[in-house]
Each structure stands twice: as C-alpha cells, then as structure tokens.
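# Overview (structure and organization)
These are the residues of each chain, in order.
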Amino acid sequence: MSVNDQVLSYPIPNDAALDPPAEWAELRARCPVAHVTLPSGDRATLLTRYEDVKQVLADPRFTRQLNAPDAARLSADGGGVFSSEMATIIPDSGEEHQHWRRLVGKWFTAKRMNAMRPAMIRIAEDLIDDMVKRGAPGDLRASLGFPLPVYVICDMLGVPAADRDRFSYWSDTLLNLTRYGKDEIEAAQGEFFQYMSDLVAAKRAEPGDDLLSELITAGGPEDGGLSDIQILVTGMALLVAGHETTANMIGKMVSMLLADRSRWERLLADPSLIRTTVEESLRFDANSGFGLPRYLNAETEVSGTVLPRGTTVVCSMAAANRDESAFEHAAEMDLTRSPNPHLAFGSGAHSCLGQALARTELQVVLEVLLRRLPTLELAVPVEELERVEGLAVGGLREVPVRW
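None of these values were measured; they are calculated from a predicted model.

Considering all chains together, one arrives at four aromatic pairs under this definition. When the ring of Tyr10 is compared with that of Phe290, the centres are 5.3 Å apart and the planes differ by 75°; the resulting orientation is edge-to-face. Taken together, the residues span a long stretch of sequence, with Tyr10 in the loop between strand E1 (8-9) and helix H1 (23-30) and Phe290 in the loop between helix H14 (274-284) and strand E6 (292-296) at a distance of 280 residues. Here Tyr10 and Phe290 have matching classes, each one buried. Plain terms: the ring middles of Trp170 and Tyr195 are 5.5 Å apart, the flat faces sit at 55° to each other, and that makes the pair tilted. Placement of the pair is Trp170 in helix H8 (residues 164-175) and Tyr195 in helix H9 (residues 182-205), with a sequence separation of 25 residues. Here Trp170 and Tyr195 have matching classes, each one buried. An aromatic cluster of three or more residues is present, and its members are Trp170, Phe192 and Tyr195.

This is the structure:
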C-alpha cells in the first residue's frame with residue numbers, strides 16, 4: 001500500500017471495543033503519511049508513527065487554525081471538537097499562548113492535585129457506595145466514570161454540581177462528529193455560551209475560591225489577565241475537556257484490566273503498580289477517539305513526504321502509542337512499563353493542560369476500586385462492550401460490572 005493506492009475513511013471503522021484496527025500496523029509499516037477521507041468528505045493526512053506524531057505536535061507550523069478557508073472540515077456540518085471560531089479565542093501559539101497556560105495552569109499542578117486527592121477519594125467512595133446500594137450488575141461508566149470528573153471540575157471552576165447533566169449534553173454535541181445536525185450543535189453551543197456568560201457575571205459580582213474567580217480578579221489584558229470572552233471560552237473548554245476525556249478513560253481503563261483477569265489480580269497483589277498501570281492504560285488505549293487535527297501554514301516534510309501549505313493533518317496518538325519502534329512489545333499491556341513516554345496527552349507546547357488532574361483521578365479510581373471491590377469483574381463478555389460512535393473522544397457506551 002502506498003500513499004496513493006488507497007484512501008481510507010477516517011475515523012477507521014472498528015467494531016472491537018478495546019482492540020486497535022488492523023490498519024494501524026499496516027499504515028505504520030507501509031504508509032505512515034496516508035490520505036484519508038473525513039466524515040465531512042474532505043481529505044486529510046493521517047500520521048500513525050510515533051516519531052512523526054511527536055514531530056508534528058511540537059512543530060509550530062502545524063497550527064490549530066482549522067477555520068482557514070482551505071482547512072478540511074472535520075464533519076459535514078462543520079461541528080465537533082468545538083467550533084473553530086471558539087477555538088481561536090484562546091491564543092494558539094507564541095508568548096500569548098504561554099501566558100494563557102501560565103494563568104490557567106497554576107490550577108492544574110501536581111501539588112494542587114495532591115491537595116485535592118482526599119476530596120477525590122471521598123467522592124469516589126460515595127459514588128461506589130451508591131452503586132453497591134443499587135445492586136449488581138451496575139454500569140461503572142454511569143455510576144463512577146462520568147460523575148467523578150464532573151464533580152471535580154465543577155468544584156474547580158465553581159460550577160454548581162446540579163448543572164452537570166446540562167453541560168454533559170453540551171459537551172457531547174461539541175465533541176460529536178456525526179450524531180447531531182448543524183442546527184442542534186449551534187443551539188447547544190448558544191445555550192452553553194449563555195450559561196457561561198451568566199456564570200462569569202455571577203463570579204464577577206461575588207468571587208469565590210475557584211479558577212474562574214481567580215481569572216476574573218487577575219484583571220483584564222491591560223493588567224496581565226484575560227479578556228471577558230477569553231475567560232468565558234476558557235471555562236467552556238475546561239468544562240468539556242475536564243470531564244469528557246477522563247470519564248471515558250475511567251471506563252476503558254477498568255475494562256482493559258478486567259478483560260484479562262490476571263491484570264486485576266496482579267494489581268490486587270501489588271497496589272504499588274497503580275501509577276505505572278494508569279500510564280500503561282493511557283498508552284494502550286486503542287479507542288481514544290479522533291486524534292489531534294492540525295493545519296499546516298507552510299510547506300514542510302514529514303517522514304520523507306512533502307506536505308503542501310494548507311494540508312490538514314490528523315495525529316493519531318493512539319496508533320503512535322502502539323509503535324514498536326518506540327515501545328518494546330507495544331502490543332502487550334505491561335503494568336510495570338517504565339519509562340512510558342506515551343503521547344496520550346500530546347506533546348510540546350500544546351500538551352494537555354489537565355494531565356495532572358486526569359492522572360490523579362485515574363489513580364484514585366483504581367486505588368478505591370481495588371480496596372472496596374476486589375471481586376469486581378465485567379458482567380458481559382468483552383466482545384459485547386460497545387464503542388460510542390461519532391465522538392471525538394473515544395469511549396464505551398456502558399461498562400457493565402458485578403462484584
């Protein structure tokens with residue numbers, strides 16, 4: 001297979017909930033810079049090798065300017081992964097982007113996450129208590145995977161937890177590439193925008209001990225802070241990114257560990273492996289979703305292929321994380337793997353701001369589940385687990401468990 005021999009549909013169809021599509025290995029070996037057709041019908045370039053993906057994510061010529069006239073649309077209605085107009089409000093590159101990361105990032109340090117850990121443990125304990133009271137079998141995704149990160153990010157942003165179901169729907173419409181029409185996406189985004197406008201106004205009138213209040217009290221751009229619209233969109237982005245990815249990852253991680261019972265038993269015998277198990281789960285995740293799209297504003301070369309200006313590139317971090325040239329025995333889940341330089345959180349200046357939060361939540365989930373429900377097991381065969389289709393963030397529809 002060469003670049004021009006075949007044009008794959010992307011995302012690559014795959015029925016298996018936890019296994020990668022067979023095409024990944026073939027693409028890495030024979031066609032690392034591949035032409036693909038997106039849900040919109042537009043063409044893009046797919047990268048699947050570790051070094052190529054890492055190179056592009058660190059290269060400032062590959063931008064997030066997906067609203068450029070010649071950029072590929074991700075979906076037919078132009079929706080999914082936030083609107084391009086929204087995405088451009090947060091500075092994309094250079095000193096402005098670094099300034100934004102410094103202002104927001106102080107809320108996502110490892111030190112702050114450690115301080116929040118006891119509260120996360122209490123939330124996880126309460127959610128598991130509720131699931132146990134309802135009786136087995138239960139849906140781990142609905143009972144624990146979704147509500148835990150929602151409660152945490154709501155608390156950090158000062159959003160009432162009672163509103164979590166509302167922004168669950170909003171984030172779904174913003175991250176979904178195929179499920180919703182343009183009118184529904186625009187209506188949901190309008191509601192979400194109005195909600196955040198009202199919340200920011202309320203925080204300005206009565207600041208609290210939360211991230212949004214701190215951004216407001218830092219002052220405007222003239223004071224070294226952010227504009228009102230930047231604060232508002234930052235809140236929207238963090239609400240979506242701060243719960244959707246981790247909610248799905250909790251379900252996938254537990255499913256991976258229970259799919260092969262020896263993995264769960266090994267953790268029970270040695271809980272000190274929780275940290276490396278979380279990292280390996282992130283690397284091994286074959287259902288991570290769309291990947292990171294980038295727009296090329298200058299001609300450049302990747303893996304010996306010249307890409308013209310105007311190319312839209314999709315970086316498949318999940319495919320790159322299975323690259324044998326970067327990870328020994330990459331097709332095996334090794335709970336002791338260290339070091340583990342996976343790309344699940346991206347790389348370079350745009351690596352995931354909330355990775356310390358996600359890691360802490362995933363570690364807490366394993367810690368509490370192993371202690372509280374050591375007999376946990378999947379309530380259905382692995383083959384019956386279903387992927388959530390059309391979502392930019394990969395996940396499972398349900399994670400049925402018993403104990």
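Right, picking up where we left off after that structure.
Turning our eyes to something else, we now look at the pattern of salt bridges. The full count for this structure, using the stated rule, is 20 salt bridges. One salt bridge in this structure joins Arg263 and Asp260, with 3.9 Å as the shortest N-O distance. Since its relative accessible area comes to 31%, Asp260 is described here as partly exposed. With a shortest N-O distance of 3.2 Å, Glu265 and Arg261 are connected by a salt bridge. Remark: Arg261 and Glu265 occur in helix H13 (residues 261-269); sequence separation between them is four residues, near one turn of the helix. Residue classification places Glu265 among the partly exposed residues on the basis of a relative accessible area of 39%. On the accessibility criterion, Arg261 (28% relative accessible area) is partly exposed. Salt bridges sharing common partners tie together Glu125, Asp129, Arg371 and Arg372.

Conventions adopted
Every chain's residues receive numbers from 1 upward, in the order its sequence appears when written. For this predicted model, a pLDDT threshold of at least 70 governs which residues receive local features, and a threshold of 80 or more governs which side-chain atom pairs are given and counted, while totals over whole chains, interfaces and linings are taken from all residues. As a rule here, side-chain values cover all heavy atoms of the structure and leave hydrogens and water aside. Here is the rule: rings of Phe, Tyr and Trp (six-membered ring for Trp) pair when centre to centre is within 6.5 Å. Planes less than 30 degrees apart are stacked, more than 60 are edge-to-face, and the remainder are tilted. A run of H or I in DSSP becomes a helix once it reaches four residues, and a run of E becomes a strand once it reaches two; helices and strands are each numbered from the N terminus. Burial classes: relative accessible area under 20% of the type maximum marks a residue as buried, over 50% as exposed, and values in between as partly exposed (1.4 Å probe, protein chains only). Should a side-chain nitrogen of Lys or Arg be within 4 Å of a carboxyl oxygen of Asp or Glu, the pair is scored as a salt bridge.

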